[in-house]
Amino acid sequence: MWKGRFQKATADLVQQFGESISYDWRLYKHDIAGSIAHARAQLTAGLLTQQEFDDIEKGLREIEADIDAGNFEFSIALEDIHMNIESELTKRIGAAGGKLHTARSRNDQVATDTRLYCREQVGNIIELITQLQTVLLNKAEQYAEAVVPGYTHLQRGQPVTIGHHLLAYVEMFQRDKSRLHGCRKRLNVCPLGSGALAGSTINLDRHAIAAELEFSDVTHNSMDAISDRDYIAEMLFIFSLCGAHLSRLSEDLILWCSSEFGFATLSDAHTTGSSLMPQKKNPDVCEITRGKTGRLYGNLTAILTAIKGLPLTYNRDLQEDKEPLFDSIDTIDLTLRVNTEMIADMEINVDTCLAAASDPLLLATDLADYLVKNGVPFRQAHELVGLAVAESAKSGIPLDQLDLSKVSSEYKPDAKDVFSLATALKARTNPGAPSPENVRKEIQRLREKI
Ligand code: ARG
């Protein structure tokens, strides 16, 4: 492509070092769409005859069909997807192919292709998150009344329901989707026409190109347009955070599936055995999800590091944006799909959850609230319940069977009524609290929102 200036062929090692075709071939559809829009603008500007445009469009569509069918041989001598396609086009249609690159550089071309690809993938990931949320909502509905301890510091705290616990994750994934919608809006601008860095002396209708490619606007600074990779960093951050949410969910499920907790059972289809210990049924999907999250963080770090020291405008370092991007997309895509399938088949062991939640200590806070409702200041109520808990620990008598009137005269006979899980849950009716009625309303609200 640049033979005029050079007397020696590119060294093999340089070709091997610099090629990106082995991974950026996946941009072929976006590259072809961009080229057709660019060619149409050339036609409008009188730079191509109708015949030349038709040949270019037909040639590009045929190349696309060949790549679709796996009948296209990519060459590392042609570095990347842009040059592989352009060179093949010229081979197929002759001189008109050589006109396509007028008023265009691979710099604005790759920036356009990558934005088109990211826009499509953001849509795909939003859809996959929605499918996971739907499965979580179905499980939350099924177990809206299943009482389970809620934990802080992994110590039993207060009773909640499995429904409420799962809805917490639906909230997290909703925020991830909202961030993806914002990212899609910001990335949906068209850099084509920015050239190598300074636009072109040949004026093509940038707005027409943007409209054809369904961008909402054109970029407004050619130097920024070709060197901007913010949207990739942003996407990789959102995938990292979504990975963190998946990883926390995994950690909960790993605990729930342990013999010590026993709250949940995963299907045989979504667990693995041990090559040595015949009894094992391991939650590998959850563990791999936790592990993949580290990989998502690594990719985010890679892109942030690649861009931080670059002077304007294009530097070849920017080619290093694609492998982390593609890897994170593939990783989050598969992670979401396998988790959706696994959670759909997960069973909750309601009796084991209830037994764990029946520890009367989970209602110690409710006992303090009881005293407050009888006029005792909270700090004093906290201490009076603390004394009762200490007495229970010392005597071995469970808190709900202790003679509380011996601890303080503030405890009346109706203090014992506090120790009903059903009443305790029902009473938690404030917005965001886990009463089964609230949980049902939230499921309703979220079903409409997601
Ligand atoms: N393969 C290159 C990349 O991904 C395309 C742009 C190359 N531009 C250049 N001036 N060498 O960044």
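Residues numbered from 1 in each chain as written. Predicted model: local features only at pLDDT ≥ 70, side-chain atom pairs only at ≥ 80, totals over all residues.

Labelled according to an unreviewed UniProt entry, the protein appears under the name Argininosuccinate lyase, originating from Persicirhabdus sediminis. Of the comments in the UniProt record for the protein, the one headed Catalytic activity (unreviewed entry) reads "2-(N(omega)-L-arginino)succinate = fumarate + L-arginine". UniProt, in the comment section headed Subcellular location (unreviewed entry), describes the protein in these words: "Cytoplasm". (UniProt positions renumbered as here; feature names shortened; annotations may be inferred.)

Overview of the overall build of the protein
Secondary structure assignment for the protein yields 17 helices and 6 strands. Relative to the compact-globule value of 22 Å for 450 residues, the protein shows a C-alpha radius of gyration of 30 Å, a clear excess of over 25%. Residues classed as buried in the protein amount to 37% of the 450 residues present. Counting only contacts in the protein whose residues sit at least 6 apart along the sequence, the fraction spanning at least 24 positions is 75%. (Helix = DSSP H or I, 4+ residues; strand = E, 2+ residues; numbered from the N terminus. Rg over C-alpha atoms; globule rule 2.2 N^0.38 Å. Buried ≥ 20, exposed ≤ 12 C-beta atoms within 10 Å, placed from the backbone. Contact = placed C-beta atoms within 7 Å.)

Details of the nonpolar core
The biggest cluster of nonpolar side chains holds 96 residues, and the ones touching the most others in it are L136, A140, V148, I209, M235, C353 and L367. Among the elements that take part in this core, helix α10 (residues 230-257) stands out by supplying 12 residues, more than any other. Those residues in contact with A140, other than ones at most four positions away along the chain, are G163, L166, L167, V439 and I443. (Core = buried A, V, L, I, M, F, W, Y, C linked by C-beta atoms within 7 Å.)

Thoughts on the domain arrangement of the protein
Interface size is often expressed as the accessible area that is lost when the parts come together. On domain assignment, one finds that the protein holds domain 1 (3-102), domain 2 (107-355) and domain 3 (359-426). Distance between the C-alpha centres of domain 1 and domain 2: 32 Å. At the junction of the two partners, domain 1 supplies 18 residues and domain 2 supplies 19 residues. Secondary-structure elements contributing two or more residues to the side of domain 1 that touches domain 2 are α2 (21-24) and α3 (28-44). With 10 residues, α3 is the largest single contributor of residues to the side of domain 1 that touches domain 2. Tallied by class, the residues present in the side of domain 1 that touches domain 2 amount to 6 nonpolar, 8 polar and 4 charged. (Domains from an automatic or database assignment. Nonpolar A, V, L, I, M, F, W, Y, C, P; charged D, E, K, R; others polar.)

Observations concerning the UniProt feature "domain: Fumarate lyase N-terminal" (unreviewed entry) in the protein
UniProt marks residues 4-298 with the feature "domain: Fumarate lyase N-terminal" (unreviewed entry), using the numbering shown here. End C-alpha to end C-alpha, residues 4-298 measures 41 Å, and it is 61% helix and 6% strand.

Remarks on α3
Its 17 residues give α3 an end-to-end C-alpha distance of 24 Å, which sits within 8% of 24 Å, the value for a rise of 1.5 Å per residue. With 12 of 17 residues buried, α3 lies mostly within the body of the structure. Taken residue by residue, α3 has Y28, H30, D31, I32, G34, S35, I36, A37, H38, A39, A41 and Q42 as its buried positions. Where the residues of α3 are buried, they touch α4 (50-68), α5 (81-93), α6 (106-142) and α8 (206-212). Looking at the residues trailing α3, positive phi occurs at G46, about 80°. (Expected span 1.5 Å × (residues − 1).)

Side note on the UniProt feature "domain: Argininosuccinate lyase C-terminal" (unreviewed entry) in the protein
UniProt marks residues 362-425 with the feature "domain: Argininosuccinate lyase C-terminal" (unreviewed entry), using the numbering shown here. The annotated region residues 362-425 carries 52% helix and 0% strand content, and the separation between its end C-alpha atoms amounts to 11 Å.

Let's talk about the environment of H270
Among the secondary structure elements, H270 is positioned in the loop between β5 (264-265) and α11 (284-308). H270 sits 153 residues away from T423 along the chain, and the two C-alpha atoms are 37 Å apart. Setting aside anything within four residues of it in sequence, one finds H270 in contact with V285, E341, M342 and D345.

As for the site of the ligand
Residues in contact with the ligand, as listed here, are S20, D80, R106, N107, V110, Y314, R316, L318 and Q319. Residues that form the shell around the ligand fall into these classes: 3 nonpolar, 3 polar and 3 charged. (Near = placed C-beta within 6 Å.)

As for the packing of helix α14 (residues 364-373) against helix α15 (residues 378-395)
Look at α14 against α15: their axes get within 9 Å of each other, and the N-to-C directions meet at 135°. Considering their axes alone, α14 and α15 lie oblique with respect to each other. Of the two possible hands of crossing, α14 and α15 adopt the one that is right-handed. Contact residues: α14 offers A364, L367, A368, L371 and V372, while α15 offers F378, A381, H382, L384, V385 and V389. (Axes fitted to C-alpha atoms, helices over the stretch in contact; angles between N-to-C directions. Parallel < 35°, antiparallel > 145°, perpendicular 65-115°, else oblique. Left-handed = near helix turned anticlockwise from the far one by under 90°.)

So, the confidence of the model for the protein
When pLDDT is averaged along the protein, the result is 97; 100% of the residues meet or exceed 70. ipTM for the predicted complex: 0.97, alongside a pTM of 0.96. (pLDDT = per-residue confidence, 0-100.)

Re the packing of helix α7 (residues 162-187) against α10
Orientation of α7 relative to α10, taken along the N-to-C sense of each, is 170°, at an axis distance of 10 Å. Taken together, the axes of α7 and α10 lie roughly antiparallel to each other. Across the interface between the two elements, Y169, M172, F173, D176, R179, L180, C183, R186 and L187 from α7 touch Y231, E234, M235, I238, L241, C242, H245 and L249 from α10. Split by residue class, the contact of α7 with α10 holds 12 nonpolar, 1 polar and 4 charged.

Quick look at unusual backbone geometry
Of note, the bond from L312 into T313 is cis; its omega dihedral lies within 30 degrees of zero at 5°. The topology assignment puts T313 in the loop between α11 and α12 (322-344). At A103, a position not held by glycine, the phi torsion is positive, near 60°. Mapped onto the secondary structure, A103 falls in the loop between α5 and α6. You can call A103 partly exposed: it has 19 C-beta atoms within 10 Å. Non-glycine residue L154 carries a positive phi angle of around 60°.

What to know about the pairing of strand β2 (residues 155-161)
Examined bridge by bridge, strand β1 (residues 147-152) and β2 share 6 bridges and lie antiparallel to one another. Each bridged residue has a counterpart across the sheet, and for V148 the counterpart in β2 is V160. Here β1 folds back onto β2 in antiparallel fashion, the turn holding 2 residues, of which H153 has a positive phi close to 55°. (Pairing = 2+ DSSP bridges.)

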